[in-house]
Amino acid sequence: MSAEKYVHSLKQIKEAEERSQKEIDEQKKKVAEELRNFESNAKQSITAAKADGEKLVESSIDQARKKANAETTKIIEEANNKAKTISSRIDSQTVKEIIDILLKEV
């Protein structure tokens, strides 16, 4: 009987080892799948963040360009207005000088 108990104990040990190995294999498979999912999600997040960053840079460049254009237009308009004012002053001043010269000669 002792031999039967020993064989029975060995069978139980073997069955327990097989169950444990099966659980380990299932856990490895589960962890490997979770790792693949994590890597996939990380890649997607990186790609999305990169795209968002590129859009932000493009938007910032576009806003800076629009602001620079508006400032340039404003400077040109101010220069044109000053030029008109200066040329009208010169014209008025020139006319006045001409009148003064003519009046002196009379």
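Attention here is on the structure that accompanies the text. (Residues numbered from 1 in each chain as written. Predicted model: local features only at pLDDT ≥ 70, side-chain atom pairs only at ≥ 80, totals over all residues. Heavy atoms only, no water.)

1. Some remarks on the overall build of the chain
- A tally of regular secondary structure across the chain gives one helix and zero strands.
- Taking 13 Å as the expected radius of gyration for a compact globule of 106 residues, we find that the chain reaches 45 Å, considerably beyond that expectation.
- Dimensions of the chain, computed from the C-alpha atoms along their principal axes, are close to 155 × 15 × 10 Å.
- Entry remark: accessible area of the chain is about 10100 Å², with carbon and sulfur atoms responsible for 58%.
- One way to put it: in the chain the 21 positive side-chain charges average out to a point 2 Å from where the 21 negative ones average out. (Helix = DSSP H or I, 4+ residues; strand = E, 2+ residues; numbered from the N terminus. Rg over C-alpha atoms; globule rule 2.2 N^0.38 Å. Areas by Shrake-Rupley, 256 points an atom, 1.4 Å probe, with all protein chains shown as cover. Lys, Arg positive; Asp, Glu negative; His and termini not counted. Charge placed at Lys NZ, Arg CZ, Asp CG, Glu CD.)

2. Quick notes on the environment of Phe38
- Turning to its location among the elements, Phe38 is positioned in helix α1 (residues 2-105).
- Along the backbone, Phe38 and Ser9 are 29 residues apart, and their C-alpha atoms lie at a distance of 43 Å.

3. Comments concerning the pattern of salt bridges
- Inspection of every chain in the model, using the stated rule, returns three salt bridges.
- Across the pair Arg36 and Glu33 runs a salt bridge whose closest N-O atoms are separated by 2.5 Å. In this pair, Arg36 and Glu33 both sit in helix α1, three residues apart, roughly one turn of the helix.
- The shortest N-O distance in the salt bridge between Asp62 and Arg65 comes to 3.9 Å. Within this pair, Asp62 and its partner Arg65 are both found in helix α1, separated by three residues, close to a single helical turn.
- Residue class for Asp62 comes out partly exposed when judged on its relative accessible area of 31%.
- Here Arg65 falls in the partly exposed class, since its relative accessible area comes to 47%.
- Members of the salt-bridge network, linked through shared partners, are Asp62, Arg65 and Lys66. (Salt bridge = Lys/Arg side-chain N within 4 Å of Asp/Glu carboxyl O. Buried < 20%, exposed > 50% of the residue type's maximum accessible area, 1.4 Å probe, protein only.)

4. A few points about the environment of Thr47
- Locating Thr47 in the fold gives a position in helix α1.
- Take Thr47: its relative accessible area is 54%, and that puts it in the exposed class.
- Separated by 2.9 Å, the side chain of Thr47 and the backbone oxygen of Lys43 make a polar contact. (Polar contact = N/O pair within 3.5 Å; in protein donor to acceptor, adjacent residues only side chain to side chain.)

These results come straight from atomic positions and should not be treated as a statement about function.
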